[in-house]
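# A structural walkthrough
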Amino acid sequence: SVFRLLSSWYDLLNTGGIMFVQIPTVFNNILRVYCDEISKKYKGQIDVQASFGGVGNNLVSPRETTSLRLVKLAGAPERLPQLPLERVRKIKKH
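As the structure is a prediction and not an experimental result, all values here were calculated from the model.

Calculation criteria
- Residues numbered from 1 in each chain as written.
- Predicted model: local features only at pLDDT ≥ 70, side-chain atom pairs only at ≥ 80, totals over all residues.
- Heavy atoms only, no water.
- Patch = residues over 30% accessible without salt bridge, like charges linked within 9 Å, V, L, I, M, F, W, Y side chains within 5 Å.
- Areas by Shrake-Rupley, 256 points an atom, 1.4 Å probe, with all protein chains shown as cover.
- Salt bridge = Lys/Arg side-chain N within 4 Å of Asp/Glu carboxyl O.
- Helix = DSSP H or I, 4+ residues; strand = E, 2+ residues; numbered from the N terminus.
- Buried < 20%, exposed > 50% of the residue type's maximum accessible area, 1.4 Å probe, protein only.
- Phe/Tyr/Trp six-rings, centres within 6.5 Å; stacked < 30°, edge-to-face > 60°.
- Lys NZ or Arg CZ within 6 Å of the ring centre and 35° of its normal.
- Core = buried A, V, L, I, M, F, W, Y, C linked by side-chain atoms within 4.5 Å.
- Contact = heavy atoms within 4.5 Å.

### As for a nonpolar patch on the surface
Together, L5, W9 and L12 line one region of the surface with nonpolar side chains, adding up to about 320 Å² of accessible area. Assignment of secondary structure puts L12 in helix α1 (residues 2–12). Given a relative accessible area of 67%, L12 falls into the exposed group.

### With respect to the packing of aromatic side chains
The full count for this structure, using the stated rule, is one aromatic pair. Arranged with centres 4.9 Å apart and planes meeting at 55 degrees, the rings of F3 and Y34 form a pair that is tilted. In this pair, F3 sits in helix α1 while Y34 sits in helix α2 (residues 28–41), placing the two residues 31 residues apart along the sequence. By relative accessible area, which is 14% here, F3 ends up buried. Residue Y34 is classed as buried on the basis of its relative accessible area, which comes to 2%. Its end group placed over the ring of F52, R32 keeps NZ or CZ at 4.0 Å from the ring centre. For the cation-ring pair, K72 lies above Y10, with the distance from its terminal atom to the ring centre recorded as 4.5 Å.

### Here's the deal with the environment of G54
As for its placement among the helices and strands, G54 is situated in the loop between β2 (46–51) and β3 (65–72). Put simply, G54 and T65 are 11 residues apart on the chain and 7.0 Å apart in space, counted from C-alpha to C-alpha.

### A closer look at the pattern of salt bridges
Counted under the stated rule, the structure contains five salt bridges. Close ionic contact of R79 with D11 constitutes a salt bridge, the shortest N to O distance being 2.6 Å. Of this pair, R79 sits in the loop between β3 and α3 (85–90) while D11 sits in helix α1; the two residues are 68 residues apart in sequence, bridging distant segments of the chain. Among the ionic pairs, K40 bridges to D36, the shortest N-O distance being 3.2 Å. Of this pair, K40 and D36 both sit in helix α2, separated by four residues, roughly a single helical turn. One network of salt bridges, with partners in common, ties together E37, K41 and R87.

### What about the nonpolar core?
If you look at the biggest cluster of nonpolar residues, it comprises 21 residues, and the most contacted ones within it are L6, Y10 and L70. Elements represented by at least two residues in this core include exactly α1, β1 (18–24), α2, β2 and β3. Looking at which element gives the most residues to this core, the answer is α2, with five residues. Excluding anything up to four places from it in sequence, L6 contacts M19, V21, I23, L68 and L80.

Printed below as a string of structure tokens:
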């Protein structure tokens, strides 16, 4: 899954390391919830920002991918936090 891949790349980051990733827009709904949760629970430890592509984002031509920027700050958890599977299943798909 996308989140397993993100986790493996996160493991490679040093403190202060930055990850830039493009993710297919089909994951936008899950990614929105994930970014919101990470921003709240790990404020000051993980900085995450997303630029969501796809229809309905006021772009002249919709992008096929969403851009994600993640920074592993001092005090960040060793492993990238995940959303519980039950929560992911409740999120409506794109």
